[in-house]
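Chain by chain, the residues:
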Amino acid sequence: MTDFDHPVRPSRRAILKGSLAGAAILGVPGLLAGCQPATSAPPAGPGGVRRGGNLRVVISGASTTDDVLDPHLAGSWGGGAVAKNVFDKLVAYNNDLTLRPRLAERLEPNADGTRWRIRLRHGVRWHDGKPLTPEDVLWSVRRILDPANKLPAAAGLKVVDLAASRKVDASTVELAMRTPIADLGALLAGWYVYVVQNGTTRFDKAHPPVGTGPFRFVDWAPGERTKLVRHDGYWELGRPYVDSVEILLAAEADARLNTFLAGQADIVHELSYVQAKTQRSNPQLTIHPSPVGTFHAFNMLTDRPPFNDRRVREALKLSVDRRKIVDSVFLGYGELGNDLYGKGAPMYAWSLPQRSYDPARARALLQAAGLEHLTVTLHTSEATPGFVQSALLFAEHAKAAGITVQVSKSAADSYWTDVYLKQPFTQTSWGSYALEWFYGQTLVSTAPSNETAWRRPDWDRRFATARGTMDPAARERRYLELQRELWEQGGNIIHSYAKWLDGISPQVGGFKAATVASDDWCSYREVWLS
Amino acid sequence: VRAARPVAADHPLAAYLARRLVSAVLVVLAASALIFTAMALLPGDAADVILSKHAGSGAASEQAKAVLRAELGLDRPLPVRYADWVAGLARGDLGVSLLSGRPVAEIIGARLGNTLVLAGVAAALLVVVGIGLGLWAGARADRAADRMVSVTAISLGSLPEFVLAILLIQVFAFTWPLFPPISLVPPGASPLASPQVLVLPVLALVAVMAPQTIRMVRAQMAEVMDSPYVRMARLHGITERRIITHHALRNALAPAAPLLASSIAWLFGGVVVVETVFNYPGLSRDLVHGIATRDLLYVQALTLLCAAATVLVYLCADLVAVWAVPKLRTSGGRR
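Residues numbered from 1 in each chain as written. Chains lettered and ligands numbered in written order. Predicted model: local features only at pLDDT ≥ 70, side-chain atom pairs only at ≥ 80, totals over all residues. Heavy atoms only, no water.

## Notes on the overall build of chain A
Logical step 1: Looking only at helices and strands, chain A has 15 helices and 21 strands in total.
Logical step 2: Radius of gyration (C-alpha) of chain A: 23 Å, near the 24 Å computed for a compact globule of 530 residues.
Logical step 3: Across its three principal directions, the C-alpha atoms of chain A cover 75 × 55 × 40 Å.
Logical step 4: Of all 530 residues assigned to chain A, the portion counted as buried reaches 63%. (Helix = DSSP H or I, 4+ residues; strand = E, 2+ residues; numbered from the N terminus. Rg over C-alpha atoms; globule rule 2.2 N^0.38 Å. Buried < 20%, exposed > 50% of the residue type's maximum accessible area, 1.4 Å probe, protein only.)

Have a look at this one:
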């Protein structure tokens, strides 16, 4: 917890729960001023921080063919790490998926959530010295939404009505919504939603990325490494601490760990569970598990037999021994899932009881449905580490309920295109984002990845109402009801939340364990080297 | 009159070479058609991949895919696309990657040097170790030295690449930290500028490939050393050393050349495991990734390059065989 975000979160909570309905204020202007002593020559810095040095990190990433510098397009972990340190978002997620202000000092909705004013931070400069303007923000939204660009964040931002949006003054943008939105920030904090400079269309060697982030782009070898240097005019006073960052890519977990063990990297991202276990006693490597993990699930298409019977769905949910999966697949680096998305996120339904392993009850449900000795085929692949082991364990656990789970393994490279969404019983894994983002992607009738064939017009309507409900308490109640229906009848068997594991060397200071895709994840502006 | 005689009759080797070059070009052309067809037969295409599930996106509608396909030119008939590609190749235009939009020539060019260096060093060591140990063991067939070489070769040869690579890392990077466990090559620099990064990958590759070469050469050598003409030479009192260098060697080498060629061709595009374990920035792993992401133009260009390299290596191997065994030369290369 730094001086920076500590006062922000309580103040936001206080405001949300208080009487200021309709005005979710993110952060207090001038908050930073009192927190950080002015920068000075190395090696002095706040709290024993040392300045200077070249930070080297290793992470998996895209390959030479598909690596891109475009922050609106870089979907790989390595690409995300580069974008995170070169660019800034308007707002970003804390580890608990609440929001923290970045380029936006505040987001202010009108009374019904149809218009949002974005107040930009003063004194932010691009790497080329130009000041940040409302035009930059409008351009970024336009670029993301332009169908010709086919950018993945378009799905998340499609609630924005660009034609009706405008610049209000030199530091204010007003975005118009197509439907009422109570928490625009949750969408603006999405993976890809970086602010790029007005008019920018290309990001490559000939058009090097220019951002507002803590580091300037210097050079890259696609699929191999990216070199960044400190942006001296960065808006967060005193940051960043290191002079330069090198982001190395290695696809394989052992190659990443070996890069670290050979002294070629100071931070190794994305350790495997086995590595974390074997390196536990290594004094040169401190492991930081993410506060919240990525969920792992089995998905049933609820419009296909036998999964169209809600008793069958519940029986299968009761036939997974979640604790065993967390212990033996994720070696303890995980948490139990409760068939609900967004553990740790705002609006998550903590009040619903944790579903347990209850084969006797599962058997009774199947008996009632006339489907004793049920046989189902679960389609798995090595597309994501842990899928195959979880599927095999599930097959073991389900035997006790009289269910035969036949595990069918497909090729990893074609799983997402040929199997997922096509076979009735598959596997999936998603990072942590706001509930409304995930619902829009997978649960509304028109969702692009409706992986459980969850098409309920009534549920859609109630979701639209909930996401547009400005009163936080009422919104929370509405989200609870939506989640209760999913918990009882939904097609996702979300059995675990697997942690993301980072390892750091003893020379690294200021590193914070972070939830994937949150602001601190792969952010090097607070890191220093001793 | 000499001048009136056809060149072929006068220079059987030149005629052989010309014939082989023509057939090499035809083989590469045929390979281009085969590669193109194979890529077209794979299920799914780049539009699926670009619009499929990755962080934050989500599977796309058929309509969105159709639009993207039209944009990438994937909706045109196969013969048109093939003709287009070959015409581009003839102009020296390899096209752009469907995934990143960067020129294929630039993507391949960035790593070609690294692959050539790794393949070149490994091939050189393979020739020395494979042939050297094979000859040495073959000349001592069924003696203790031969048994030791053979048993070692068989044991090493039966280990999968990744086991060998991990063993080498454990021993030579961690137990005795002599070489880096990872091959980081600064972008734009040659791996030869930091030769230590080549040591373990080259050792792993040679350990995988050498056993079959050793056994092949050893068997040939043992057979030759047991042949009537060698026995005759011994009876004439010629020294064993001279028998080996002047009489046995060439005959033992000729059959090993094609085998070496296949190993060297593999070095060019098939060393996925070694590249992955050592994170070596070569072409093989990207090729596999390119196939998985259906990056057609990139995969087609690279596989065609591999096909051309393979044809070239085999051609060289045949020339070595012809050089080694004079009777192949005098018969105009017909074997």
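Let us keep going from here.
## What about the confidence of the model for chain A?
Residue and element names in this part refer to chain A.
Logical step 1: Mean pLDDT over chain A works out to 88, with 91% of the residues at or above the 70 mark.
Logical step 2: Per-element averaging of pLDDT across chain A places helix α1 (residues 8-17) at the bottom with 30 and strand β11 (residues 267-268) at the top with 98.
Logical step 3: A low-confidence stretch, residues 1-44 (pLDDT under 50), is modelled with 72 contacts involving residues beyond four sequence positions or located in other chains. (pLDDT = per-residue confidence, 0-100. Contact = heavy atoms within 4.5 Å.)

## Some words on the packing of helix α6 (residues 104-139) of chain B against helix α7 (residues 144-157) of chain B
All names here are of chain B.
Logical step 1: Put simply, α6 and α7 touch, their axes get as near as 8 Å, and they point 140 degrees apart. Put simply, α6 runs oblique to α7. Considering the relative orientation of α6 and α7, their crossing is left-handed. Taken together, the residues of α7 that come into contact with α6 (itself represented by Leu133, Trp136 and Ala137) are Ala145, Asp146 and Val149. (Axes fitted to C-alpha atoms, helices over the stretch in contact; angles between N-to-C directions. Parallel < 35°, antiparallel > 145°, perpendicular 65-115°, else oblique. Left-handed = near helix turned anticlockwise from the far one by under 90°.)

## Points about the pattern of salt bridges
Residue and element names in this part refer to chain A.
Logical step 1: Taken as a whole and assessed by the stated rule, the structure comprises 42 salt bridges over all chains.
Logical step 2: Here aspartate 339 and arginine 322 are joined by a salt bridge, their closest N and O atoms 3.0 Å apart. Residue aspartate 339 is found in the loop between β14 (334-336) and α10 (359-368), and its partner arginine 322 is found in helix α9 (residues 322-328); the two are separated by 17 residues along the sequence. The residues aspartate 339 and arginine 322 share a single accessibility class, namely buried.
Logical step 3: Between glutamate 335 and lysine 499 there is a salt bridge, with the nearest N and O atoms lying 3.7 Å from each other. Remark: lysine 499 occurs in the loop between β18 (492-498) and β19 (501-504) and glutamate 335 occurs in strand β14; sequence separation between them is 164 residues. (Salt bridge = Lys/Arg side-chain N within 4 Å of Asp/Glu carboxyl O.)

## Re the pairing of strand β6 (residues 160-169) of chain A
Residue and element names in this part refer to chain A.
Logical step 1: Examined bridge by bridge, β6 and strand β7 (residues 172-177) share five bridges and lie antiparallel to one another. Within β7, the residue paired with lysine 167 across the bridge is valine 173.
Logical step 2: Two successive antiparallel strands, β6 and β7, enclose a turn made up of two residues. (Pairing = 2+ DSSP bridges.)

## Observations concerning the nonpolar core
Residue and element names in this part refer to chain A.
Logical step 1: Core analysis: the largest hydrophobic core is formed by 107 residues, its most contacted members being Leu55, Ile247 and Tyr524.
Logical step 2: The element best represented in this core is helix α3 (residues 134-145), accounting for six residues.
Logical step 3: Those residues in contact with leucine 55, other than ones at most four positions away along the chain, are Val242, Ser244, Val245, Glu246, Asp266, Ile267, Val508, Tyr524, Val527 and Leu529. (Core = buried A, V, L, I, M, F, W, Y, C linked by side-chain atoms within 4.5 Å.)

## Let's talk about the packing of aromatic side chains
All names here are of chain A.
Logical step 1: One pass over the structure, following the stated rule, counts 31 aromatic pairs over all chains.
Logical step 2: Taking the centre distance of 5.5 Å and the plane angle of 65 degrees together, the rings of tryptophan 500 and tryptophan 521 count as edge-to-face. Taken as a pair, tryptophan 500 in the loop between β18 and β19 and tryptophan 521 in the loop between β20 (508-509) and β21 (528-529) lie far apart in primary sequence, 21 residues in all. By the burial criterion, tryptophan 500 is buried, and tryptophan 521 matches it. (Phe/Tyr/Trp six-rings, centres within 6.5 Å; stacked < 30°, edge-to-face > 60°.)

## Points about helix α9 (residues 196-225) of chain B
Logical step 1: Taking the largest bend as the criterion, α9(B) deviates by roughly 40 degrees, centred on Ala210(B), and proline Pro211(B) comes between one and four positions later.
Logical step 2: For α9(B), the buried fraction is high: 21 of the 30 residues fall into the buried class. (Bend = angle between axes of the 7 residues up to and from the residue.)

## Observations regarding the sheet that holds strand β17 (residues 425-430) of chain A
All names here are of chain A.
Logical step 1: Spatial strand order, β14-β18-β13-β17: four strands in an open sheet with antiparallel pairing. At either end of the open sheet lies a strand with only one pairing partner, and these are β14 and β17. Across the sheet, the mean angle separating the axes of adjacent strands is 25 degrees when strand polarity is ignored.
Logical step 2: Running at roughly 135 degrees to β17, helix α11 (residues 387-399) makes contact with β13 (294-300), β17 and β18 of the sheet.

## Digging into the environment of Val28(B)
Residue and element names in this part refer to chain B.
Logical step 1: Positionally, valine 28 belongs in helix α2 (residues 12-41).
Logical step 2: Distance in space between the C-alpha atoms of valine 28 and glycine 132 is 33 Å, their sequence separation being 104 residues.
Logical step 3: Excluding residues that lie within four positions of it along the chain, valine 28 makes contacts with Leu304, Ala308 and Val311.

## Let's talk about the environment of Ala391(A)
All names here are of chain A.
Logical step 1: Looking at the element boundaries, alanine 391 is found in helix α11.
Logical step 2: Look at alanine 391 and you get buried, because its relative accessible area is 0%.
Logical step 3: Not counting residues up to four positions away in its chain, the partners in contact with alanine 391 are Phe298, Leu378, Thr380, Val407 and Gln427.

## So, the interface of chain A and chain B
Logical step 1: Chain A puts 42 residues into the contact, and the matching count from chain B is 38 residues.
Logical step 2: Of the roughly 3200 Å² buried between chain A and chain B, counting both surfaces, carbon and sulfur atoms make up 58%.
Logical step 3: Between the two partners, chain A and chain B, sit one salt bridge.
Logical step 4: A salt bridge links Glu224(A) to Arg111(B); its shortest N-O distance comes to 3.1 Å.
Logical step 5: Along the contact surface separating chain A from chain B lie nine residue pairs in polar contact (both at pLDDT 80 or more).
Logical step 6: Elements represented by at least two residues in the side of chain A that touches chain B include exactly β8 (215-221), β10 (244-249), α6 (253-261), α12 (415-419), β17 and α13 (435-442) of chain A.
Logical step 7: Looking at the side of chain A that touches chain B, the element that brings in the most residues is α6(A), giving four residues.
Logical step 8: For the side of chain A that touches chain B, the class distribution of residues is 21 nonpolar, 13 polar and eight charged. (Buried area = accessible area lost by both parts, 1.4 Å probe. Polar contact = N/O pair within 3.5 Å; in protein donor to acceptor, adjacent residues only side chain to side chain. Nonpolar A, V, L, I, M, F, W, Y, C, P; charged D, E, K, R; others polar.)

## Looking at a nonpolar patch on the surface
All names here are of chain B.
Logical step 1: A cluster of nonpolar side chains, Val22, Val25, Leu26 and Leu29, forms an exposed patch at the surface whose accessible area comes to about 380 Å².
Logical step 2: Note on placement: leucine 29 falls in helix α2.
Logical step 3: Looking at leucine 29, the relative accessible area reads 46%, which means it is partly exposed. (Patch = residues over 30% accessible without salt bridge, like charges linked within 9 Å, V, L, I, M, F, W, Y side chains within 5 Å. Areas by Shrake-Rupley, 256 points an atom, 1.4 Å probe, with all protein chains shown as cover.)

## Regarding the pairing of β17(A)
Residue and element names in this part refer to chain A.
Logical step 1: Extensive coverage of β17 is indicated by the burial of six of its six residues.
Logical step 2: Residues Phe425, Gln427 and Ser429 line one face of β17 and the alternating positions Thr426, Thr428 and Trp430 line the opposite face, and both faces are buried.
Logical step 3: Here six bridges tie β13 to β17, and the two strands are oriented antiparallel to one another. Paired with phenylalanine 295 across the bridge in β17 is tryptophan 430.

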